[in-house]
Amino acid sequence: MRAGFPDFRLGSVLATSFTATLTERRGDAVERIPTPQRLIDWLAVNGLAVDSCTTAQLDLARELRESIHAAATAGATQDALPASAVHVINDCSIQGRAAAVLTPEGERRWRLNSASCVEDALSVIAADAISIIAGERDGRLALCASPTCQAAFFDTSQSRTRKWCDMNTCGNRQKKARFNAKEVR
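The rules behind these values
- Residues numbered from 1 in each chain as written.
- Predicted model: local features only at pLDDT ≥ 70, side-chain atom pairs only at ≥ 80, totals over all residues.
- Heavy atoms only, no water.
- Axes fitted to C-alpha atoms, helices over the stretch in contact; angles between N-to-C directions.
- Helix = DSSP H or I, 4+ residues; strand = E, 2+ residues; numbered from the N terminus.
- Parallel < 35°, antiparallel > 145°, perpendicular 65-115°, else oblique.
- Contact = heavy atoms within 4.5 Å.
- Nonpolar A, V, L, I, M, F, W, Y, C, P; charged D, E, K, R; others polar.
- Phe/Tyr/Trp six-rings, centres within 6.5 Å; stacked < 30°, edge-to-face > 60°.
- Buried < 20%, exposed > 50% of the residue type's maximum accessible area, 1.4 Å probe, protein only.
- pLDDT = per-residue confidence, 0-100.

Undergrad: Help me understand the packing of helix H3 (residues 55-76) against helix H5 (residues 118-133), please; the structure alone is not making it clear to me.
TA: Two quantities define a packed helix pair, namely the angle between the helix axes and the distance between the axes. It is the contact of H3 with H5, at a shortest axis distance of 11 Å, that shows an interaxial angle of 0°. In terms of their interaxial angle, H3 and H5 are classed as roughly parallel. Where H3 approaches H5, its residues Gln57, Leu60, Ala61, Leu64, Ile68, Ala71 and Ala72 are matched on the opposing element by Val118, Glu119, Leu122, Ile125, Ala126, Ala129 and Ile133. Grouping the constituent residues of the contact of H3 with H5 by class yields 12 nonpolar, one polar and one charged.

Now the structure itself:
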């Protein structure tokens, strides 16, 4: 990743990986897409490459990110979906011009054409969010057990009992804290 910026947290679910571009939401928040170029970088890493991004498009991306987080959090806690979040997700979903393509390995990928813009990429992310929030995919929405994180994630583990958004960060940090607390006693 580019020097001076925190690494991206990449997961297997596009929408919740996108919400992870803001981490430690309940502690010292870490913004992982602070500039338009960083959004371009994140989109490229996730197979949604675009050539340019304006500040207004970055603002739209962050609004979508927060809307997905709000709706996924409501889904995880079985609360009503916030109307404003649903509106933003739906608006972003219908604005795009991306096509689903089948790879030789039998996987679905999204293809943006050469004239694609950030809104096209955001529509793919919004569509992914819709599929997980609507319960169309095998898994469950959950919230990270870390008190400083509380990120929404999509649990596809066999038992559906995953506690951490990312075992290498939040899970490891919590296990280390428990171990250190035992050492002090």
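Undergrad: Help me understand the packing of aromatic side chains in this model?
TA: The geometry of an aromatic ring pair is captured by the separation of the ring centres together with the interplanar angle, meaning the angle of the planes. Per the stated rule, a full pass over the model turns up one aromatic pair. For the pair Phe18 and Trp42, a centre-to-centre distance of 5.0 Å together with 55° between the ring planes defines the contact as tilted. Placement of the pair is Phe18 in helix H1 (residues 14-19) and Trp42 in helix H2 (residues 36-45), with a sequence separation of 24 residues. Looking at Trp42, the relative accessible area reads 0%, which means it is buried.

Undergrad: Is there a simple way to explain the confidence of the model for the protein in this structure?
TA: Atom-level detail of predicted coordinates should not be read off regions where pLDDT is low. Predicted confidence across the protein gives a mean pLDDT of 87, with 89% of residues reaching 70 or more. Per-element averaging of pLDDT across the protein places helix H6 (residues 167-184) at the bottom with 68 and H3 at the top with 97.

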